[in-house]
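Inside the fold
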Amino acid sequence: MKPAVFPRPLVYEVLPGTCPAPAAVALPPEFSALQPVLATALGRALPVGQGTVTVTVDPALAAEEYDLTVAPEGIRAAAATQRGAYYALVTLGQLLAAGGALPACHIHDAPALPVRGMMLDISRGKVATLADLCALVDRLSRLKYNQFQLYIEGFSFAYPSYPQVWQDKMPLTPDEVKYLDAYCKARFIELVPNQNSLGHMMPWLARPEFAHLAESDHGMALMGMQMPCSTMDPHDPGSLQLVERMMDDLMPCFTSNWFNVNLDEPFELGTGKSKADAEARGVAAVYLDYTKALHKAVTARGKKMMMWGDILFKHPEAQKDLPQDIMVLDWGYEDITPFEAHAAVMEEQSRAFLCCPGTSTWTTLTGRTDNMLANIRNAADAAIRHRGQGVLLTEWGDNGHLEYEPLNDPAIAWNAACAWGRTDTTEEELAAYVNRFIYHDAAGQAAQFVLELGRCNRYEEFFMLNMTIASLNMNCGLLPAGVFAQQLELVVSQLAQFTSEKDFEPILARCKNRHAFDYDGFCQHLSALRDTVNKLDLQGTDAALIRAEFENILRFVEVGFGVHQLNVATLSDAERTALAAKLSATAKQALRAHSTLWVARNRLCGMDGSTAAFARAIPQLDALAGAR
């Protein structure tokens, strides 16, 4: 029987015999930098010296390719680079985890895509502790990721030039980022600076000293809410000057040659100060002028520019004049995202690009498992078929970033397998790796728990985009009869703002394919999930934390779906009163537990915002429970 290796290697040959567990690792001088990270790769500490494992340099191999042979006389690993050797040792670490003597085998492996990355939002809710970020980097490196980005908007980085904007926050400091950069580099991960530079500038524009840079004085209406000003005036020289000053503060903390300027979702562009120009020349021309100016600023600092591609695909006329050395990041978070069509366009233009799916956890409470699996696989397939540079998995923090970190781990592992080229990986393979190497669950249940948690949305009326309907209910709170249905229709209609008219057609069709909300079915599913949590046998150093996070997210989920039931179901007064009382008690219990769980991984700042919807709902539930 073949031991499981994840991602599955290109070549796995069973050989006769076994090999004793290694006692030491012999490294050539060219690979001496591997010594400090041997324990990370192997999952155990082994001394460096003559022993069972011999690592050699083979210049005929590609940069991330490796060859690993386990034989009765010893273990041999060959690679052309330290990165390739590290991946060989990571694979060996998985073989060692089975314990005892190793079955003899020959493995030859290489990735399908040059870039296998993850982007983490640290700006809207969670700013992770440095220790937690390093732990995440370790997990990424053992899954053979080679790029990591921290999304920054607002004040999650301590810009030296603007101490007044972050002094009451808890941002990452320049020294912390430099430490993280070195930590990533030692594990063969490139930490790429990432800073929004046109839209998503709400925190900056809300301050009096920068308010004059706003494109519009009144923001915009989005999904039934009036949003604050988020987009800078592209014509005001001060907009670019602010961004350049921010870049000059951020760039020295990174050794990467790339810089992600974002440029996504400038919602108000062409509606305020640039309206006349946009009407005369088109919004695309206004956007492209600013993009080119920013590109000039980035290249003048010796960096290469990345940017999101949403506006380029919404306004294809902007693509032809885009500087050719910009890497386009094509984001889309649904199983129906047209990665294939977009990738074909970029291949035809000979443009470097990444396909960027999502973890499907944000604004969901639960995750969206079915969507996640298809979204990531489709992104990787499109990048592989159309010679893209790779895949960048995104984890966003919309609406406070409540969802606990372990909910992301199956998506992170799934993306690793797909970006490595194994898009035919099964859910069983995924769960086996996550259980053994991330959750450390001897019962083999934790990964399936998270995957099934992400299937709670099957009981909702339809598969909502970018969120679950239960999560939307929590943001709306308790509403009079019929009002939530109106709000839901408004949200669906405004999804068109995030995509082109052509791409919106399948989205609208899916939202119209509905059935009744199955609250009873959800309650049965929730009961089964709680039974699964009770069966877990977590054995890692963070076992108690993960179990507590699983238990508490189920409380939040119970409240979210219960509020959904109160908003849409026809219930007697007694039924409404009883359900409201139960939900209020559960919400209060969840909030009490949440404060401890939040600070176990994150800085305190942002915690209240993560549960603001639940805090608002409790008085409503109490009022309903007290009604006669």
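Each remark here, short or long, concerns the structure printed above.
Residues numbered from 1 in each chain as written. Predicted model: local features only at pLDDT ≥ 70, side-chain atom pairs only at ≥ 80, totals over all residues. Heavy atoms only, no water.

Here we come to the layout of surface pockets. In this structure, the second largest pocket spans a volume of roughly 690 Å³. Of all the elements in the fold, those that place two or more residues in the lining of the second largest pocket are helix H1 (38-42), helix H2 (82-96), helix H3 (130-142) and helix H14 (427-439). Of the residues contributing to the lining of the second largest pocket, the split by class is 13 nonpolar, 8 polar and 11 charged. (1 Å grid on protein atoms, 1.4 Å probe; cavity = no way out; pocket = protein on both sides within 12 Å on 5 of 7 lines; lining within 4 Å. Points joined across faces, edges and corners; volume = space filled by probe spheres on them. Helix = DSSP H or I, 4+ residues; strand = E, 2+ residues; numbered from the N terminus. Nonpolar A, V, L, I, M, F, W, Y, C, P; charged D, E, K, R; others polar.)

This paragraph deals with the nonpolar core. Among the nonpolar cores identified, the biggest contains 145 residues, and Phe148, Trp204 and Tyr439 are the most heavily contacted of them. Ranked by the residues each element gives to this core, the list is headed by helix H20 (residues 543-568), at 12 residues. Leaving out residues up to four positions away in the same chain, tyrosine 439 has contacts with Pro406, Asp409, Pro410, Val434, Ala446, Ala447, Val450, Leu538, Gln539, Ile546 and Phe550. Among the nonpolar cores identified, the runner-up in size contains 34 residues, and Leu38, Ala79, Cys105 and Phe188 belong to it. (Core = buried A, V, L, I, M, F, W, Y, C linked by side-chain atoms within 4.5 Å. Buried < 20%, exposed > 50% of the residue type's maximum accessible area, 1.4 Å probe, protein only. Contact = heavy atoms within 4.5 Å.)

To continue, consider the environment of leucine 42. Examined against the element boundaries, leucine 42 turns out to sit in helix H1. Sequence spacing of leucine 42 and phenylalanine 462 is 420 residues, and the spatial spacing of their C-alpha atoms is 44 Å.

Here asparagine 473 is to be found in helix H16 (residues 469-476). Classification of asparagine 473 as buried rests on a relative accessible area of 0%. When neighbours within four sequence positions are excluded, asparagine 473 is seen to be in contact with Phe484, Gly560, Val563, His564 and Asn567.

As a further point, take the sheet that holds strand S4 (residues 66-71). Pairing within the open sheet is mixed, and its 6 strands lie in the order S1-S6-S4-S5-S3-S2. Single-partner strands in this sheet number two, and they are strand S1 (11-19) and strand S2 (25-26). Two elements, S2 and strand S3 (residues 53-57), share 2 bridges in a ladder whose sense is parallel. Of the residues in S3, the one forming a bridge with alanine 26 is threonine 54. (Pairing = 2+ DSSP bridges.)

Turning our attention to the environment of valine 557. As for its placement among the helices and strands, valine 557 is situated in helix H20. Look at valine 557 and you get buried, because its relative accessible area is 0%. For the pair valine 557 and glutamine 35, spaced 522 residues apart in the sequence, the C-alpha separation amounts to 44 Å. Apart from residues lying up to four places away in sequence, valine 557 is in contact with Leu365, Thr366, Leu453, Cys456 and Phe522.

One open sheet holds the 8 strands; their spatial order is S9-S8-S7-S16-S15-S14-S13-S12, and the pairing between them is parallel. Single-partner strands in this sheet number two, and they are strand S9 (190-192) and strand S12 (258-260). Direction aside, neighbouring strands of the sheet carry axes that sit 25° apart on average. Sheet strands in contact with helix H5 (residues 174-186) are strand S8 (147-151) and S9, and its direction is about 145° off that of S9. (Axes fitted to C-alpha atoms, helices over the stretch in contact; angles between N-to-C directions.)

Glancing now at the pattern of salt bridges. Summed over all chains, the structure comprises 33 salt bridges. Among the salt bridges present, the one from arginine 603 reaches glutamate 176, with a minimum N-O distance of 3.2 Å. With arginine 603 in the loop between helix H21 (573-601) and helix H22 (607-610) and glutamate 176 in helix H5, this pair connects stretches of sequence that are 427 residues apart. By the burial criterion, arginine 603 is buried, and glutamate 176 matches it. (Salt bridge = Lys/Arg side-chain N within 4 Å of Asp/Glu carboxyl O.)

Applying the stated criterion to the full structure yields 23 aromatic pairs. Both rings, one in tyrosine 162 and one in phenylalanine 210, keep their centres 5.7 Å apart while their planes meet at 75°; by these two values the pair is edge-to-face. You can see tyrosine 162 sitting in the loop between S8 and helix H4 (163-166) and its partner phenylalanine 210 sitting in the loop between helix H6 (202-205) and strand S10 (220-222), a full 48 residues away along the chain. Take tyrosine 162 and phenylalanine 210: they sit in the same class, and that class is buried. Residues phenylalanine 517 and tyrosine 519 carry aromatic rings whose centres are separated by 5.9 Å and whose planes lie at 50° to one another, so their mutual orientation is tilted. (Phe/Tyr/Trp six-rings, centres within 6.5 Å; stacked < 30°, edge-to-face > 60°.)

Its place among the elements puts threonine 337 in the loop between strand S14 (327-331) and helix H11 (339-348). Polar contacts involving the side chain of threonine 337 include one to the main-chain amide nitrogen of tyrosine 333, which spans 3.4 Å. If near-sequence neighbours (up to four positions away) are discounted, threonine 337 is found in contact with Gly332 and Asn375. (Polar contact = N/O pair within 3.5 Å; in protein donor to acceptor, adjacent residues only side chain to side chain.)

Our focus in this paragraph is the packing of H11 against helix H12 (residues 369-385). When two helices pack together, their arrangement is captured by the angle between the axes and the distance separating the axes. Orientation of H11 relative to H12, taken along the N-to-C sense of each, is 20°, at an axis distance of 9 Å. Classified by the interaxial angle, the pair formed by H11 and H12 is roughly parallel. Where H11 crosses over H12, the handedness of that crossing is right-handed. On H12, the residues that touch Phe339, Glu340, Ala343 and Glu347 of H11 are Asn375, Asn378, Ala379, Ala382 and Arg385. When the residues that make up the contact of H11 with H12 are grouped by side-chain class, the tally is 4 nonpolar, 2 polar and 3 charged. (Parallel < 35°, antiparallel > 145°, perpendicular 65-115°, else oblique. Left-handed = near helix turned anticlockwise from the far one by under 90°.)

Once that is clear, we can look at the pairing of strand S15 (residues 353-356). Residues Phe353 and Cys355 point to one face of S15 and Leu354 and Cys356 to the other, with burial holding for every one of them. Relative to S15, S14 runs parallel, the two being bridged by 4 bridges. Across the sheet, residue aspartate 330 finds its bridge partner in S15, namely cysteine 355. Viewed along the sheet, the connection from S14 through H11 into S15 turns out right-handed. With H12 bridging S15 and the parallel strand S16 (residues 390-395), this β-α-β connection has right-handed handedness. (Right-handed = clockwise from strand over helix to strand, strands pointing away.)

Glancing now at unusual backbone geometry. Residue phenylalanine 6 is joined to proline 7 through a cis peptide bond whose omega torsion reads -5°. In this structure, proline 7 sits in the segment before S1. Look at asparagine 262: it is not a glycine, yet its phi comes out positive at around 70°. Here asparagine 262 is to be found in the loop between S12 and helix H8 (275-281). Here asparagine 262 falls in the buried class, since its relative accessible area comes to 0%. In the Ramachandran plot, histidine 401 falls in the positive-phi region, its phi being about 60° despite a non-glycine side chain. Structurally, the position occupied by histidine 401 is in the loop between S16 and helix H13 (409-420). Since its relative accessible area comes to 3%, histidine 401 is described here as buried.

Time to look at a nonpolar patch on the surface. Together, Met170, Val599 and Leu604 make up a nonpolar patch on the protein surface, roughly 250 Å² of accessible area in all. By secondary structure assignment, the location of valine 599 is in helix H21. On the basis of relative accessible area, valine 599 is assigned to the partly exposed category, the value being 42%. (Patch = residues over 30% accessible without salt bridge, like charges linked within 9 Å, V, L, I, M, F, W, Y side chains within 5 Å. Areas by Shrake-Rupley, 256 points an atom, 1.4 Å probe, with all protein chains shown as cover.)

In this section: empty space enclosed by the protein. Tallied over the full model, the rule gives 5 cavities of 30 Å³ or more. Within this model, the largest cavity holds a volume of roughly 160 Å³. Lining the largest cavity are 17 residues, with Leu120, Asp132, Leu136, Glu405 and Asn408 positioned closest to its centre. Among the elements of the structure, strand S7 (115-121), H3 and H13 are those that each provide at least two residues to the lining of the largest cavity.

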